[in-house]
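Examining the three-dimensional arrangement
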Amino acid sequence: MQKTRDAKKIVLYTITIILMLAMIICFILIGEDIMYNKILEMDTTLYNFALSIRSKPLTFVFKVITNLCNPFIMAFIALVLMFTRKINKQHSFAMFLNMGLTALLNLSLKYIFRRTRPDISQSLIFEPGYSFPSGHAMFAISFYGFLIYLILKSTDTKRSTKALSSIVIAMFMALICFSRIYLGVHYLSDIIGGILITIVYMIIFTYILDRNSFLYGEPATEYKKHSFLGGFKYALRGIVQS
């Protein structure tokens with residue numbers, strides 16, 4: 001029995017590390033093309049598709065959806081969850097810390113790659129700064145992905161409620177990402193790059209939180225016994241399953 005558990009741990013370690021390395025490599029490959037000012041075929045294809053389906057109702061919907069990653073909106077959501085006691089103070093602190101670290105990572109990467117945004121004449125909203133990686137895609141994964149993570153870890157929520165809530169949030173995450181292309185302020189590669197690097201970041205972030213009692217409360221028994229395994233296990237549940 002113990003050997004079987006040990007074998008599962010090794011498999012989990014291996015899968016986690018392979019996934020993280022694969023995502024980092026994909027991010028670097030995309031970034032390499034961007035450094036040479038290449039516009040990928042997938043960028044042009046989806047960008048043109050987004051332009052072709054534009055309409056006033058869709059534009060209104062996607063302008064609303066894209067604002068779900070407005071820093072003030074995310075802060076408001078975090079505060080509402082805290083004051084309604086849906087999450088505790090440690091969770092709230094972690095959410096704000098997560099937002100700050102995501103912003104720092106995004107700005108750092110933007111100034112490294114310095115990619116120009118798509119044709120401004122086709123943009124439906126004004127967005128300053130560089131294009132790669134997409135800040136909205138990164139916040140969609142880090143902020144709303146963290147909400148899914150907390151939902152999946154909740155011990156007083158029904159499985160059906162967890163599943164439904166996670167699916168709904170994941171759908172909005174996808175719509176936020178597509179809204180950036182529809183509104184003409186990002187290419188698909190900006191979105192993919194943002195998603196890849198943020199998943200890697202979130203696995204590390206949630207792992208650290210689960211081991212740090214000051215930031216996140218007392219670690220669960222599983223973490224005390226197998227902290228490294230436990231951190232990645234719940235990180236994978238909260239991020240990959242989303």
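Further up the page is the structure itself.
My aim in this report is to walk through the structure given alongside it, one point at a time. (Residues numbered from 1 in each chain as written. Predicted model: local features only at pLDDT ≥ 70, side-chain atom pairs only at ≥ 80, totals over all residues. Heavy atoms only, no water.)

**Some words on the overall build of the protein**
- Of regular secondary structure, the protein possesses 10 helices and 0 strands.
- When the helices and strands of the protein are read in sequence order from the N terminus, they spell out α-α-α-α-α-α-α-α-α-α.
- Burial analysis of the protein (242 residues in total) assigns 45% to the buried set.
- Summed over its atoms, the accessible surface of the protein is roughly 13300 Å², and 68% of this surface lies on carbon and sulfur atoms. (Helix = DSSP H or I, 4+ residues; strand = E, 2+ residues; numbered from the N terminus. Buried < 20%, exposed > 50% of the residue type's maximum accessible area, 1.4 Å probe, protein only. Areas by Shrake-Rupley, 256 points an atom, 1.4 Å probe, with all protein chains shown as cover.)

**Some points on the side chain of T59**
- Its location among the elements puts T59 in helix α3 (residues 56-66).
- One polar contact links T59 to Y182, side chain to side chain, over a distance of 2.9 Å.
- Discounting chain neighbours no more than four positions away, the residues touching T59 are L124 and Y182. (Polar contact = N/O pair within 3.5 Å; in protein donor to acceptor, adjacent residues only side chain to side chain. Contact = heavy atoms within 4.5 Å.)

**Focus on helix α6 (residues 135-153)**
- Over its 19 residues, α6 extends 26 Å from the first C-alpha to the last, a length consistent with the 27 Å expected when each residue adds 1.5 Å.
- Where α6 bends most, at G145, the angle is about 25°.
- The distance from a side-chain oxygen at the start of α6 to the backbone nitrogen of H136 is 3.4 Å, and the residue carrying that oxygen is S134. (Expected span 1.5 Å × (residues − 1). Bend = angle between axes of the 7 residues up to and from the residue.)

**Some points on the nonpolar core**
- M95, F143, Y144, F146 and L147 are the most contacted members of the largest nonpolar core, which has 52 residues in total.
- Breaking this core down by element, the ones donating at least two residues are α1 (2-35), α3, α4 (71-83), α5 (89-113), α6, α7 (159-182) and α8 (188-211).
- Ranked by residue count, the leading element in this core is α6, at 12 residues. (Core = buried A, V, L, I, M, F, W, Y, C linked by side-chain atoms within 4.5 Å.)

**A look at a nonpolar patch on the surface**
- Taken together, I17, L21, I24, I25, I28 and L29 make up a surface patch of nonpolar side chains, about 540 Å² in accessible area.
- Judged by relative accessible area, which is 49%, L21 ranks as partly exposed. (Patch = residues over 30% accessible without salt bridge, like charges linked within 9 Å, V, L, I, M, F, W, Y side chains within 5 Å. Salt bridge = Lys/Arg side-chain N within 4 Å of Asp/Glu carboxyl O.)

**So, the pattern of salt bridges**
- Scanning the model with the defined rule gives 3 salt bridges in all.
- Ionic pairing is found between R115 and D190, a salt bridge with its closest N-O pair at 2.7 Å. Within this pair, whereas R115 is found in the loop between α5 and α6, its partner D190 is found in helix α8, the two being separated by 75 residues in sequence.
- On the basis of relative accessible area, D190 is assigned to the buried category, the value being 0%.
- For R180, the salt bridge is made with E127, and the minimal N-O distance between the two is 2.9 Å. Taken together, the positions of R180 in helix α7 and E127 in the loop between α5 and α6 put the pair 53 residues apart, joining distant regions of the chain.
- Note on R180: relative accessible area 1%, which makes it buried.
- Here the salt bridges share partners, and the residues they tie into one network are D43, R115 and D190.

**Let's talk about unusual backbone geometry**
- Looking along the chain, the bond that leaves F132 and enters P133 is cis, with omega of -10°.
- Looking at the secondary structure, you find P133 in the loop between α5 and α6.

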